[in-house]
Amino acid sequence: MRVMVFVPGDQNSEAGKMPSQELIAKMMKFNEELVKAGVMLAGDGLTPTSKARRVRFSGSHRAVIDGPFAESKEIVAGYWIWQVQSIDEAVEWLKRAPFDDGIEVTIRPVFEPEDFGRELTPELRQKEARLRAEVERRSKP
Amino acid sequence: MGTARSAIEAVWRIESARLIGGLVRIVHDLALAEDLAQEALLAAMEHWPSTGIPENPGAWLMTTARNRAVDQARRRQMQAGLALGSSEPSPGIPDLAAAIDEDLGDDLLRLILIACHPLLSTEARAALTLRLLGGLTTAEIARAFLAPEPTIAQRIARAKRTLAEARVPFEVPRGAELSARLSSVLKVLYLVFNEGYSATKGNRWTRPELCEEALRLGRILAERFPQEAEVHGLLALMELQASRLRARVGPSGEPVLLLDQDRSRWDQLLVHRGLAALARAEALCQPLGPYTLQAAIAGAHSRARTAAETDWPRIVALYDALAQLTGSPVVELNRAVAVSFAFGAAAGLELVDALADEPALASYHLLPSVRGDLLLRLGRRGEARLELERAASLAQNAWEKALLLGRARACLGATSPGRTGESGGDAAAAPSSTPGLASEPPPR
């Protein structure tokens with residue numbers, strides 16, 4: 001399964017302040033571990049909301065709003081996309097990240113297409129059984 | 001607050017392969033290494049619910065396993081000493097405490113190489129890989145390969161015995177030997193991936209979890225071997241094929257051929273990753289190796305926004321190179337299909353007819369399937385129907401069978417079965433998307 005991991009921004013990230021060299025180094029090492037483990041699919045840091053734009057949708061009307069957007073707590077400063085077996089695995093990986101200071105990082109599972117082996121509805125099961133029977137019938141000489 | 005079992009299992013998934021690899025390095029015995037690892041896991045399940053997961057769970061597990069190993073060695077030592085009538089330590093007991101602290105950093109690779117040892121049959125390697133590296137249970141592996149569970153259990157046990165009896169060295173080889181061993185790993189990964197991508201038997205068309213496992217291991221290897229072109233080539237191939245998994249299965253679980261797929265359902269993240277891996281492979285080695293060539297073919301499909309925009313002449317050229325490299329009749333078949341799209345159905349049929357007596361393709365359902373499709377495109381419906389029926393009789397996957405029978409029936413109808421002319425199917429005109437089959441021998 002895939003998860004998206006959202007790292008919240010704060011006043012520092014909004015001010016464009018770079019984190020310490022130490023933290024950058026630790027984060028690079030963490031990212032390396034994710035890549036080495038075949039978990040990392042994608043990840044990026046996002047620029048401060050001073051560079052962001054918003055579009056508000058109302059009927060056919062579109063309003064464009066320039067950043068910055070003051071509500072820092074809800075601002076995403078970075079994201080990852082990970083390939084994991086379960087959200088528990090994602091949690092264990094995330095625990096190894098060098099975050100600190102009470103920051104809360106959110107893991108969101110991505111919708112996966114139905115895996116027909118595991119989530120066959122009763123209707124699909126019946127259909128599959130009929131299909132199998134039909135194939136049997138037709139394969140007889 | 002107690003720690004959920006699922007959290008411990010997640011840690012196990014992250015740590016177990018490197019743990020077993022490290023223990024193998026120390027005790028020189030795969031079965032023993034696994035046992036020690038299992039004991040460490042049991043200890044974790046016993047303690048972590050109350051203590052919480054340690055900050056460095058890998059180290060905790062290794063220390064626990066080491067302690068068990070030392071205890072066992074001491075016990076054996078004492079028994080040997082008692083038998084000899086002395087309390088001197090017997091020679092040859094490894095200095096476990098010292099050995100453990102050397103982290104050579106290659107323990108994961110070590111285990112991959114062991115699991116994929118060329119001494120073992122490909123099936124045994126696949127089963128061992130899924131067990132040791134994927135952490136799949138015997139039941140899960142049995143389900144994946146549609147084999148009885150006892151068969152898989154025996155296969156794994158026998159594989160371990162073979163390795164033990166042959167006293168295979170557990171050191172990670174270097175240089176040319178490492179490259180050679182890598183190729184046996186790639187073969188296993190692709191086998192597992194293919195089984196998930198186009199399940200050869202059974203009622204499910206795809207098994208995405210197998211693709212995911214193969215992809216994960218492929219990504220690990222690509223990171224570990226930045227200079228090995230075919231590692232990146234295989235990874236590119238798997239990423240690109242996996243990008244189509246969602247589009248390959250219809251709403252009722254039926255197969256959807258490549259050229260009929262809704263390309264908006266292709267996973268662009270994987271396409272992007274696949275094309276990037278392909279670029280790396282192409283930059284690393286010319287002429288291109290077989291996996292890289294297959295990836296390039298897959299890439300040609302991925303780059304076409306619609307089926308009609310497919311660069312068929314380029315695909316034909318890639319198949320030319322692949323056919324020369326592998327001499328595989330399956331590749332020749334796939335090439336014939338590409339030729340039919342680049343230069344017309346008659347040209348393709350000529351090539352397919354040349355393969356009629358090819359012994360390797362004697363029970364390969366895609367040969368009559370392709371022939372049937374080409375005949376249909378040429379308006380020769382009666383012949384097409386017979387070929388498609390023959391293809392259905394040879395197909396082992398229930399979905400493929402049904403698809404082929406349906407197309408055979410439709411040959412008799414007043415309207416075309418929707419596969420004639422330019423809207424034709426996948427390069428192999430059959431559910432198993434071509435490039436994946438190109439260099440594999442026909443399924444047995």
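Above this text you will find the structure in question.
Note on numbering: residues in each chain are counted from 1, in written sequence order. As a convention, the first chain written is A and the first ligand written is 1, with the rest following in written order. Per-residue local features of the predicted model are confined to residues with pLDDT of at least 70, and side-chain atom pairs are confined, for both listing and counting, to 80 or more; whole-chain, interface and lining totals are unaffected and use all residues.

Undergrad: Just checking my understanding: could you explain the sheet that holds strand 5 (residues 76-83) of chain A for this structure?
TA: Residue and element names in this part refer to chain A. Paired strands, as defined in this entry, are two strands with at least two bridges between them according to DSSP. Numbered from the N terminus, helices here are DSSP runs of H or I no shorter than four residues, and strands are runs of E no shorter than two. Strand order in this open sheet of four strands is 2-5-1-6, and the pairing throughout is antiparallel. In the strand order of this sheet, the two ends are held by strand 2 (40-45) and strand 6 (106-109), each with one partner. Across the sheet, the axes of successive neighbouring strands diverge by a mean angle of 15 degrees, strand direction being ignored. Of the pairings in the sheet, the one linking strand 1 (residues 2-8) to strand 6 comprises four bridges and is antiparallel in character. The residue of strand 6 that forms the bridge with F6 is T106. Comment: axis = line fitted to C-alpha atoms, over the contacting stretch for helices; angle = value between 0 and 180 degrees taken between N-to-C directions.

Undergrad: Quick question: what am I supposed to make of helix 18 (residues 366-377) of chain B here?
TA: Since the α-helix advances by 3.6 residues per turn, residues separated by three or four positions end up pointing in the same direction. All names here are of chain B. Every helix has an expected span of 1.5 Å times one less than the residues it contains. For helix 18, spanning twelve residues, the distance from its first C-alpha to its last is 16 Å, which sits close to the expected 16 Å at 1.5 Å a residue. Extensive coverage of helix 18 is indicated by the burial of twelve of its twelve residues. Residue burial is a threshold on neighbouring C-beta atoms within 10 Å of the residue's own C-beta, all placed from the backbone, with 20 or more meaning buried, 12 or fewer meaning exposed, and counts in between meaning partly exposed. Of all the residues in helix 18, the buried ones are L366, L367, P368, S369, V370, R371, G372, D373, L374, L375, L376 and R377. Contact criterion: two residues are in contact if their C-beta atoms, reconstructed from the backbone, are within 7 Å. Among the structural elements, helix 16 (329-343), helix 17 (345-353), helix 19 (381-394) and helix 20 (398-410) are those in contact with the buried residues of helix 18. Looking one or two places after helix 18, you find G379, whose phi comes out positive at around 80 degrees.

Undergrad: What am I meant to see in unusual backbone geometry here?
TA: Leaving glycine out, the prevailing phi sign among residues is negative, and the prevailing peptide bond configuration is trans. A cis amide bond links G67 of chain A with the next residue in sequence, P68 of chain A, at an omega value of 5 degrees. For P68 of chain A, the position within the fold is in the loop between strand 4 (61-66) and strand 5. Positive phi outside glycine occurs at L146 of chain B, with the angle close to 50 degrees. In this fold, L146 of chain B is placed in the loop between helix 7 (138-145) and helix 8 (149-165). Judged by C-beta crowding, with 15 C-beta atoms within 10 Å, L146 of chain B ranks as partly exposed.

Undergrad: In this structure, what is going on with the nonpolar core? I would like to understand it.
TA: Across soluble globular proteins, nonpolar side chains show a tendency to be buried alongside one another. Under the definition applied here, buried Ala, Val, Leu, Ile, Met, Phe, Trp, Tyr and Cys residues are grouped into a nonpolar core through C-beta atoms within 7 Å. One finds W82 of chain A together with L23, L111, I112 and L189 of chain B to be the most contacted residues of the largest nonpolar core, which totals 143 residues. For this core, the element with the highest residue contribution is helix 1 (residues 5-27) of chain B, accounting for 13 residues. Apart from residues lying up to four places away in sequence, L189 of chain B is in contact with A214, L217, G218 and L234 of chain B.

Without other data, these values stay purely geometric and don't point to any function.
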